[in-house]
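Overview (structure and organization)
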Amino acid sequence: MTKEFDRRSFLKTLTAAGSVVLLAPVLAACSPLNNAASSPSASAFGNPVKGGTAVLAIQDNPVNMDPADGQLYSSLQVYQNIFSTLINVEADFSFAANLATTWKQEDPLTWSFTLVQNAVFHNGDPMTAKDVDYSITRMKTHGLGAFVAFFDSVEVIDDYTFKIHLTKPYGPMEATLASFVNIVSQKAVESQDPKEMPIGTGPYMMTEWVKGSHVTLKRWDKYFKSDKPYLDQVTFQSVPDDSVRLAGLQTGQFDWIQTVPAQQIPDIEKSTTISHTKAGPYFPYLIELNTTGGPFASLQARQAINWAIDRTEIVKLSFFGAAIEAAEAVSAPNPFFSGANYYDGGPDLDKAKALLAQANLTSTDLEILVEQEDSSYTLIAQVLQSQLQKIGLNATISTASSADYFGRLASQKFDIAVTYFSASLDPALTYYLLGYSTSGFNFTGYKSPTLDAALESFTFNPDQDARKKLYPDMVKLFQQESPFIFLANRYAEYFTKTDFAGAVSLPTLEIRAEDMWISK
Amino acid sequence: MILRRLLLTIPILIGTSIIVFAILRLIPGDPAAAILGSNATPDMIVQVRSQLGLDQPIYQQFVTWITGIVQGDFGHDYITNQSITEELAVRLPVTLELAAFAFILALLFAVPLGVISAVRQGGWLDRAVRAFAVFTIAIPDFVFGILGILVFALALSVVPSSGFVPISAGLGDNLRSLAVPAVALALGLGGVLIRVTRSAMLDVLNADYVRFAKASGFGAGTIVFRYALRNASVPIVTVIGLQLGYLLGGTVVVEQLFGLPGVGQLIVQAMLSRNYPVVQACILVFVVAFIVANLATDLLYAVLNPRLRKAGAA
């Protein structure tokens, strides 16, 4: 029995005892990456120092700076420093004031907010409740509209107080506000292309965007938090190659980088010249099964896959240990983490083969679809391929460009698709969008009144304690029906120079530059 | 003569446009799905396809595109909605500077080495140069790029590991940012040039007039540089013209590796997202650059060999 399994069993026991909140420190201590010496805490650097410039090396090129439309992670991680959300989420999953100083749920369908009175857009206009109304109303008809689909209207009381009325008692309200709702200026949006010229109230204003190279942000002197940001200038440099990014950090060209070759993480963590943030398992990787036809229209076939999957092997061989096994959308320290597993004791190849026999699929050819831009997809597919071989399923790996990949997902031309979902602060964001019968993200085509009812109970429930109690049963229902199967949660971990302070791995995956500084 | 050559480029451009346009549409993948990403519901895909004009017949799409090109309008980027002409105006100088830098470096080391190799035929210097040439041809650009980063950025810290510094920020920093990518590109090109130079020089050095020059008491330097090299230059220039295509192809890989914001990087990103108009525009730019380079090569023949002027063969 592996060390990993022992830990999971231990956690399940704790979960059964209803000690969900206790899981955070326990898991943090057990996580293999967290055992290594991490970045010195902010306090170890003393008080933050203002001034200086920093270069942050990101993986891909931002393409769209409109927070209502820009969906690529490379765009989000830049524009989240230009715009502000109403509330923030911290590394410990607590929600903190940002543009909203106070907020309260008045009744299941109404939330009231009070805004800061000194927030100013980068064009000099003051930010008021009207801007919040405009931002949310506008977002509903744009690319990220799915996240505010249950927002009915914004009622402006005065310049600094407003209410959000919901169509349903939306449980992940705070998670949604902290993750996706950025406040824009109507005047700025209507006067110039918001995809190219972002005007927000955030800590930094954009001064230069060289497509394919870098985005330079300058400190916004009228930022509503007078003590922040610390750095005068932040440059987001796009460096696609993992090794080149790491070389840039080692030579001092970059102050902060994301994603290094996973095989090198243990060595890097021992380095005295590079620091790293505390790793958070915030990237759920999963496979989607096409339930509309082909082998996985059969429930037994989907359950057989569950019994055949060896997550320990996937974490070891596909992620080189830089992930944690996961049978659900979130892992500790997320307060919703349940540890529920319908296939407890797996992998069990005999059970898998028996189920395949029931489904008349003893020897079947199938295809694993992966997107070529993410190398971890291919590694996962290769490990899955060998695991499925053991139960008589001959899988070929089909590597597709993003255009082909998303096209095939949407048109359900796949058997198994490897993917990840980054909206996992609140698991409802993941499960509802991927699994609800009529959701636009439901690529598996699975429609079940039972699952829909469980999703509705969990998602449209204003009582967070009640939601946490409902969550494990909903997870088990999804595991039982298996339209999609979670494999592992990859760690979000960042690497920095040793004098670079304030970098944190946040559950929203945002790169919060306002907290970063260079220690003298 | 030049006019005739220029007129001949028109059918080449039209043919290339048709081929590129057709091939792109044969590749599986939908730009609408790439634009929408994980939000790609079937209804939204239909809507975006309609907005992009992708629901029109292929021939109509081609006519619309080619009409725009004739008017100097490459269309708009599907992903960013930016004018492609503007995108190219920003990115083309980066690629041209990189290619020019690599080209000059290749010439600076390849031609002298090729001459030395021919003059010292059979000696250890010849064998060493030939081995070096084969080595540089056999190893791909990106391997030289990664080795360059490890040695010059990581170990010696004399150049940045990636990124581009424009000339406006200082010529020194600009050249430093392009040094390793340019060397990575130049090595492969240089290997070919060394072999061609050596071969052409050997042909000339064995010619009767060179033997006559030796017998007449001319010095080795005069024979090699005044007579032999000039006469050997026609095949060298021919290969240089053809290798410019290789050089532009190499920028695609090298720009991606070093994060240089040039046309090569743009074409990779556009290809992955099936950003048809951008891919088409980039390939057209490369084709035009290749045709211009070959036209310049043909014209150089006439300068280098006066006999060709009279024959009108250029």
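Being a predicted model, the structure only gives us computed values, none of them experimental.

Digging into the domain arrangement of chain B
Residue and element names in this part refer to chain B. In terms of domain boundaries, chain B breaks down into domain 1 (2–70) and domain 2 (91–313). With centres defined by C-alpha atoms, the gap from domain 1 to domain 2 works out at 33 Å. With 21 residues of domain 1 at the contact, the number on the domain 2 side is 14 residues. Between domain 1 and domain 2 lies a buried interface of about 1,700 Å² when both sides are counted; carbon and sulfur atoms form 75% of it. When residues of domain 1 are sorted by the area they lose upon contact with domain 2, Arg5, Leu24 and Trp65 head the list and together hold 30% of the total. Here domain 1 is connected to domain 2 by 0 salt bridges. Run the count over domain 1 and domain 2 and you get 0 residue pairs in polar contact (both at pLDDT 80 or more). Counting residues per element, the ones that place at least two in the side of domain 1 that touches domain 2 are helix H1 (2–26), helix H2 (31–36) and helix H4 (58–70). Among the elements that line the side of domain 1 that touches domain 2, the one with the most residues is H1, at 12 residues. For the side of domain 1 that touches domain 2, the residue count by class is 14 nonpolar, 4 polar and 3 charged.

Here's the deal with the sheet that holds strand S12 (residues 274–276) of chain A
Residues and elements named next belong to chain A. Across the sheet, which stays open at both edges, the 7 strands sit in the order S8-S9-S10-S1-S11-S19-S12 with mixed pairing between neighbours. For this open sheet the edge positions go to strand S8 (204–210) and S12, each flanked by a neighbour on one side alone. Each strand of the sheet is rotated relative to its neighbour by a mean of 20°, with strand direction disregarded. In terms of strand pairing, S8 meets strand S9 (residues 214–219) through 6 bridges, oriented antiparallel. When the bridges of S9 are listed, glutamate 208 appears paired with threonine 216. Sheet strands touched by helix H8 (residues 242–250): strand S1 (53–58), strand S11 (256–258), S12 and strand S19 (494–497). Its angle to S11, the strand with the most contacts, is close to 160°.

Re helix H16 (residues 449–459) of chain A
Residues and elements named next belong to chain A. Those residues of H16 that sit buried are Leu451, Asp452, Ala454, Leu455, Phe458 and Thr459. Take H16 and look down its axis: the buried residues cluster within an arc of 165°, on one side only. Residues Pro449 and Thr450 are exposed on H16 and point more than 90 degrees away from its buried face.

Examining the sheet that holds strand S7 (residues 161–166) of chain A
Residue and element names in this part refer to chain A. Read from one edge to the other, the open sheet built from 4 strands follows the order S4-S5-S7-S6, with strand pairing classed as antiparallel. Each of the sheet's edge strands pairs with one partner strand only, and the pair in question is strand S4 (100–107) and strand S6 (151–158). Across this sheet, the average inter-strand angle for adjacent strands is 20°, counted without regard to direction. When strand S5 (residues 110–115) meets S7, the two strands line up antiparallel, connected through 5 bridges. Looking at the pairing, serine 112 lines up with lysine 163 of S7. Together, S5, S6 and S7 form the strand contacts of helix H5 (residues 129–139), whose direction differs from that of S6 by roughly 170°.

Here we look at the packing of aromatic side chains
All names here are of chain A. Inspection of every chain in the model, using the stated rule, returns 39 aromatic pairs over all chains. Consider the rings of tyrosine 377 and tyrosine 405, whose centres lie 6.2 Å apart with planes at 20°: the pair is stacked. Separated by 28 residues along the polypeptide, tyrosine 377 in helix H13 (residues 375–389) and tyrosine 405 in helix H14 (residues 402–410) bring together distant segments of the chain. Side by side, tyrosine 377 and tyrosine 405 carry an identical accessibility label, which is buried. An aromatic cluster is present here, built from Tyr73, Phe283, Tyr285, Phe319, Tyr377, Tyr405, Phe406 and Tyr420 joined pairwise through their rings.

Notes on the side chain of arginine 91 of chain B
With respect to the element layout, arginine 91 of chain B can be found in helix H5 (residues 84–119). Despite its burial, arginine 91 of chain B pairs with no opposite charge, the nearest such side chain being glutamate 87 of chain B at 4.6 Å. A polar atom in the side chain of arginine 91 of chain B sits 3.2 Å from the backbone oxygen of lysine 211 of chain A. A polar side-chain atom of arginine 91 of chain B sits 3.1 Å from a polar atom in the side chain of glutamine 265 of chain B.

Reading the values: rules and limits
- Along each chain, the written sequence defines residue order, and numbers are assigned to residues from 1.
- Written order decides the labels, with chains lettered from A and ligands numbered from 1.
- Totals for whole chains, interfaces and linings use all residues, but because this is a predicted model, local features are given only for residues with pLDDT of at least 70 and pairs of side-chain atoms are given and counted only at 80 or more.
- Only heavy atoms go into the side-chain values, all of them from the structure, while hydrogens and water stay out.
- Boundary definitions for the domains trace back to an automatic or database domain assignment.
- Every residue pair with non-hydrogen atoms within 4.5 Å of one another is taken to be in contact.
- The term buried area denotes the loss of accessible surface (1.4 Å probe radius) that occurs when two parts are joined, taken as the sum for both partners.
- One side-chain nitrogen of Lys or Arg within 4 Å of one carboxyl oxygen of Asp or Glu is enough to make a salt bridge.
- The definition of a polar contact used here is a pair of N or O atoms within 3.5 Å, where within protein one atom must be able to donate a hydrogen and the other to accept one, and adjacent residues in sequence count solely through side-chain atom pairs.
- Where helices and strands are cited, they refer to DSSP runs of H or I of at least four residues and of E of at least two residues respectively, numbered from the N terminus.
- Only Asp, Glu, Lys and Arg are considered charged, only Ala, Val, Leu, Ile, Met, Phe, Trp, Tyr, Cys and Pro nonpolar, and every remaining residue, Gly among them, polar.
- DSSP-based pairing: two strands are paired if at least 2 bridges between them are found.
- For helices, the axis comes from a line fit to the C-alpha atoms of the stretch in contact; other axes are also lines fit to C-alpha atoms, and the angle between any two N-to-C directions lies between 0 and 180 degrees.
- Summary of the burial criterion: residues with accessible area below 20% of their type's maximum are buried, those above 50% are exposed, and those between are partly exposed, where the area comes from a 1.4 Å probe applied to protein chains only.
- Taking the helix axis as origin, the arc is that swept by the directions to the C-beta atoms.
- Aromatic pairs are defined between Phe, Tyr and Trp rings, using the six-membered ring for Trp, whenever the two ring centres lie within 6.5 Å; interplanar angles under 30 degrees are classed as stacked, those over 60 as edge-to-face, and all others as tilted.
- Residues scored as positive are Lys and Arg, those scored as negative are Asp and Glu, and His as well as the terminal groups of each chain are ignored.

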